Amino acid sequence: MPPRPDRSDGVRSGGASRLRAVDPLVPVVAVVSVVVYVLHGFQGALTRDLGIYSYAGQQVAEGVPPYLGVLNRAGPLAHVLPGVGALVARVGGLDDVVTMRVLFMLIATAAVCVAYLLGRDLFRSRAAGLVTAGAMLAFHGFIQYASNGPREKTPMTLFVLGALWAMTHRRWFTAGVLTSLATLCLQTAFFSTFTAVVVGALLLAHGGRVRALVRIALGGLAPVVVLGTWFALAGSLRATWDAFYVINRRYTVPNPLDAERELVWEDLH
């Protein structure tokens, strides 16, 4: 009997392939998400953190690399992505903050759509996908920043969901790229996302685990090399390293897991 073809790149046949074809529910999920977020409005208070990210985006739009204009402990994409919104605003003669918020609303909408795809393909059920998307859409904290950003956690969530979706399809290089992008939004995304992707590779890449892990590593390095080249050419590589890693490693003291348990319990309710 001839050997079975290697399916490690996510190639499947039958019902699963048909399920991954054009799905009319994806635009439905997107429209519902946009309606929810637009109804929430774009005029929320510009708090301290949101003001920092907004100003960081304006600095990037003016050609200042991340961390040189604004010191921030999050990843460089927390500056770059709002900068895209600021650039669009200036080209179109629009308000900077509102345009950033519209951009991040679209990112949040994409995250809900990817949540649908993840639930659908993981459980091979469109109904499960709708439940997953509905749960994602119902998270109060995510709604809060979806239209009242810009906040780095919104694109981070999109990239984390994308990495998990890529993992379900055994797209290891893509999973590595998206894990890296999530980390470049907020460093804490690395630990859980990277662990999930690596465990997925060990469990799913039968007969090709080493190759899958190498692809994850190469994918993870790709965004780092691109951004690192930019920072090196701009002369901000040292500042980036200090803000991205050194400050968090040496000076950031996280709250203990058991701190303010009563408040945590109230938040859960």
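Note on numbering: residues in each chain are counted from 1, in written sequence order. Two thresholds apply to this predicted model, a pLDDT of at least 70 for residue-level local features and 80 or more for giving and counting side-chain atom pairs, whereas whole-chain, interface and lining totals are computed over all residues. Computation of side-chain values covers all heavy atoms of the structure but excludes hydrogens and water.

## Description of the overall build of the protein chain
Then comes step 1: Only DSSP runs of H or I with at least four residues qualify as helices, and only runs of E with at least two residues qualify as strands; both kinds are numbered from the N terminus onward. The helix and strand inventory of the protein chain stands at 13 helices and 0 strands.
Then comes step 2: Overall, the protein chain shows an N-to-C arrangement of helices and strands of α-α-α-α-α-α-α-α-α-α-α-α-α.
Then comes step 3: A radius of gyration in this sense is built from C-alpha atoms; the matching globule rule multiplies 2.2 Å by the number of residues raised to 0.38. The C-alpha atoms of the protein chain give 20 Å as radius of gyration, which agrees with the globular expectation for 269 residues (18 Å, within 12%).
Then comes step 4: Considered along the principal axes of its C-alpha atoms, the protein chain spans approximately 65 × 45 × 40 Å.
Then comes step 5: Out of the 269 residues belonging to the protein chain, those deemed buried represent 44%.
Then comes step 6: Contacts between residues were defined by any pair of non-hydrogen atoms, one from each residue, lying within 4.5 Å. Considering only residue pairs separated by 6 or more positions, the protein chain has 71% of its internal contacts joining residues 24 or more positions apart.
Then comes step 7: Only the protein chains shown count as cover for residues, and the accessible areas themselves come from Shrake-Rupley with a 1.4 Å probe. Total accessible area on the protein chain is roughly 14700 Å²; 68% of this is exposed by carbon and sulfur atoms.
Then comes step 8: Note on charges: Lys and Arg go in the positive column, Asp and Glu in the negative column, and His and the chain ends are not counted at all. Note that the charge is assigned to NZ on lysines, CZ on arginines, CG on aspartates and CD on glutamates. Positive and negative side-chain charges in the protein chain, numbering 23 and 15 respectively, have mean positions lying 14 Å apart. Each residue is assigned to one of three classes by its accessible area relative to the maximum for its type, calculated with a 1.4 Å probe on protein chains only: buried under 20%, partly exposed between the two thresholds, exposed over 50%.

## With respect to unusual backbone geometry
Then comes step 1: Cis geometry marks the peptide bond from Gly149 to Pro150, where omega comes out at 0°.
Then comes step 2: Its location among the elements puts Pro150 in the loop between α7 (140-146) and α8 (153-168).
Then comes step 3: One non-glycine residue with positive phi stands out, namely Tyr67, at about 80°.
Then comes step 4: Within the secondary structure layout, Tyr67 lies in the loop between α3 (48-61) and α4 (77-92).

## Description of the environment of Gly75
Then comes step 1: Here Gly75 lies in the loop between α3 and α4.
Then comes step 2: In this structure, the C-alpha to C-alpha distance between Gly75 and Leu184, residues 109 residues apart in sequence, is 4.5 Å.
Then comes step 3: With residues up to four places along the chain from it excluded, the contact list for Gly75 reads Tyr67, Leu184, Cys185, Leu186, Gln187 and Phe244.

## Let's talk about the nonpolar core
Then comes step 1: Only buried residues count toward a nonpolar core, which is a set of Ala, Val, Leu, Ile, Met, Phe, Trp, Tyr and Cys residues joined through side-chain atoms within 4.5 Å. Core analysis: the biggest nonpolar cluster contains 52 residues, and Tyr37, Leu77, Val112, Phe159, Leu161 and Trp172 have the highest contact counts within it.
Then comes step 2: Here this core takes 12 residues from helix α5 (residues 96-123), the largest share from any one element.
Then comes step 3: Beyond its immediate stretch of four places on either side in the chain, Leu161 contacts Ala111, Val114, Ala115, Leu118 and Met136.

## As for the pattern of salt bridges
Then comes step 1: Just to be clear on terms, a salt bridge is a Lys or Arg side-chain nitrogen sitting within 4 Å of an Asp or Glu carboxyl oxygen. The full count for this structure, using the stated rule, is 10 salt bridges.
Then comes step 2: Salt-bridge contacts for Asp49 lead to Arg151; the nearest nitrogen and oxygen are separated by 3.6 Å. With Asp49 in helix α3 and Arg151 in the loop between α7 and α8, the pair connects residues that are 102 residues apart, well separated along the chain.
Then comes step 3: Under the relative-accessibility criterion, Asp49 is labelled partly exposed at 23%.
Then comes step 4: Connected through salt bridges with shared partners, the residues Arg48, Asp49, Arg151, Glu152 and Lys153 form a single ionic network.

## Here's the deal with a nonpolar patch on the surface
Then comes step 1: There is a patch of nonpolar side chains on the surface, built from Phe173, Val210, Val214, Leu218, Leu221 and Val225 and spanning about 560 Å² of accessible area.
Then comes step 2: Locating Val210 in the fold gives a position in helix α11 (residues 209-234).
Then comes step 3: Accessibility expressed as a relative area gives 64% for Val210, which makes it exposed. Residues enter patches when they are more than 30% accessible in relative terms and free of salt bridges; like-charged ones are connected within 9 Å and nonpolar ones (Val, Leu, Ile, Met, Phe, Trp, Tyr) within 5 Å.

## Regarding the side chain of Thr154
Then comes step 1: Within the secondary structure, Thr154 is located in helix α8.
Then comes step 2: Those residues in contact with Thr154 that sit more than four places away from it in its chain are Phe104, Ile107, Ala108, Phe142 and Tyr145.

## Considerations on the packing of aromatic side chains
Then comes step 1: Between 30 and 60 degrees the pair is tilted, below 30 it is stacked and above 60 it is edge-to-face, where a pair is any two Phe, Tyr or Trp rings, Trp via its six-membered ring, whose centres lie within 6.5 Å. Counting across every chain of the model gives 4 aromatic pairs.
Then comes step 2: Grouped by ring-pair contacts, the aromatic residues Phe190, Phe191 and Phe194 constitute a single cluster.
Then comes step 3: A ring has a charge above it when a Lys NZ or an Arg CZ is no more than 6 Å from the ring centre and no more than 35 degrees off the ring normal. The ring of Tyr145 carries Arg151 above its face, with NZ or CZ at 5.3 Å from the centroid.

## Considerations on the packing of α3 against α4
Then comes step 1: Orientation is described by axes fitted as lines to C-alpha atoms, over the contacting stretch for helices, and by angles from 0 to 180 degrees between their N-to-C directions. At a minimum axis separation of 7 Å, α3 and α4 run at an interaxial angle of 65°. Taken together, the axes of α3 and α4 lie roughly perpendicular to each other. Where α3 crosses over α4, the handedness of that crossing is right-handed. Residues Tyr53, Ala56, Gly57, Gln58, Val60 and Ala61 of α3 touch α4, and the partners they reach there are Ala78, His79, Val80, Pro82, Gly83, Ala86, Leu87 and Arg90. For this classification, under 35 degrees means roughly parallel, over 145 means roughly antiparallel, 65 to 115 means roughly perpendicular, and everything else is oblique. Crossings are assigned a handedness: left-handed for a near helix turned anticlockwise from the far helix by less than a right angle, right-handed for a clockwise turn.

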